[in-house]
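Summary of the model geometry
So you can see what is in the structure, the chains are spelled out below.
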Amino acid sequence: MTKRQFPFSPRTSGQLEQGDIIAVPCEGGRWAGLQVVELKREGVGSRSTLIVGSLPWSGAEPPTARDVEGLPVTEQGLTRIELFTEGGLQVVANSAVVPTVFASNYQDFAVGTRHRVWGWKTAIRKAIAASDAA
């Protein structure tokens, strides 16, 4: 497998890996971050969907793996590749995903399980809100 070069803007979720860090520009020159917490590798939605989580982090520069290492996402939702193709965001690093209590949109279908689905603009707003609270 070839080594990926950061930053990059994927055209399909097949180019992503679990743990990828997505830089989100904020007003005033600040940055927030999202993390890819889960991917579906085959079947319906495998090339267009991903589950991202908002990171409790804010900085003057785009996030690095060191910046977000050990941070659990504060919430997560299923979104689509439009985060990159329409939103213009980029993957800037990769860091291990910290386990959380959030249900997997791809695997947890127990009675009463609640899943969140975010449009790409909502995912950006969630990242900014998490950075404001950090």
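Residues numbered from 1 in each chain as written. Predicted model: local features only at pLDDT ≥ 70, side-chain atom pairs only at ≥ 80, totals over all residues. Heavy atoms only, no water.

Considering the sheet that holds strand E5 (residues 90-94)
This is how the line gets drawn: A strand pair is defined by DSSP finding two or more bridges across the two strands. Helix and strand definitions here come from DSSP, where helices need a minimum of 4 consecutive H or I residues and strands a minimum of 2 consecutive E residues; each element is numbered from the N-terminal end. A fitted line through C-alpha atoms represents every axis, and for helices the fit uses only the stretch in contact; the resulting angles, taken between N-to-C directions, go from 0 to 180 degrees. We call two residues contacting when some pair of their heavy atoms lies within 4.5 Å.
One open sheet accounts for 5 strands, arranged E4-E3-E2-E1-E5; its pairing is antiparallel. Looking along the sheet, the strands with just one partner apiece sit at the ends: strand E4 (75-80) and E5. Taking the axes of each pair of neighbouring strands and ignoring which way they run, one obtains an average angle of 40 degrees across the sheet. As paired elements, strand E1 (residues 20-25) and strand E2 (residues 31-38) share 5 bridges and run antiparallel to each other. Note on E2: the bridge partner recorded for Ala 23 is Gly 33. Where helix H3 (residues 120-133) meets the sheet, its contacts fall on E1, E2, strand E3 (49-54) and E4, and the angle it forms with E2 comes to roughly 120 degrees.

So, unusual backbone geometry
Outside of glycine, negative phi angles account for most residues, and trans bonds account for most peptide bonds. For the peptide bond that leads from Phe 6 to Pro 7, omega is -5 degrees, which places it in the cis range. With respect to the helices, strands and loops of the structure, Pro 7 is situated in the segment before E1.

Notes on the pairing of E3
Note the threshold: Buried means the residue's accessible area, taken with a 1.4 Å probe over protein chains only, is under 20% of the maximum for its type, while exposed means over 50%, and partly exposed covers the values in between.
For E3, the tally of buried residues reaches 6 of 6 residues, placing the bulk of the element in the interior. Burial along E3 is two-sided: the face carrying Thr 49, Ile 51 and Gly 53 and the face carrying Leu 50, Val 52 and Ser 54 are both buried. Pairing of E2 with E3 involves 4 bridges; the strand directions are antiparallel. Bridge pairing in E3 links Leu 34 to Ser 54. Across 6 bridges, the pairing between E3 and E4 is antiparallel.

Some words on the side chain of Ser 13
Selection rule: In protein, a polar contact means a hydrogen-donor-capable atom and an acceptor-capable atom, both N or O and within 3.5 Å, with residues adjacent in sequence counting only if both atoms are side-chain atoms; elsewhere, any N or O pair within 3.5 Å suffices.
Here Ser 13 shows up in the segment before E1. A relative accessible area of 1% means that Ser 13 is categorised as buried. One polar contact links the side chain of Ser 13 to the main-chain carbonyl oxygen of Thr 49, over a distance of 3.2 Å. Here Ser 13 is in contact with Leu 39, Arg 41, Gly 45, Ser 46, Arg 47, Ser 48, Thr 49, Leu 50 and Ile 81, once residues within four sequence places are set aside.

As for the pairing of E2
By the criterion of burial, E2 is predominantly enclosed, with 7 of the 8 residues buried. Connecting the antiparallel pair E1 and E2 is a turn made up of 5 residues, with Gly 28 showing a positive phi of about 75 degrees.

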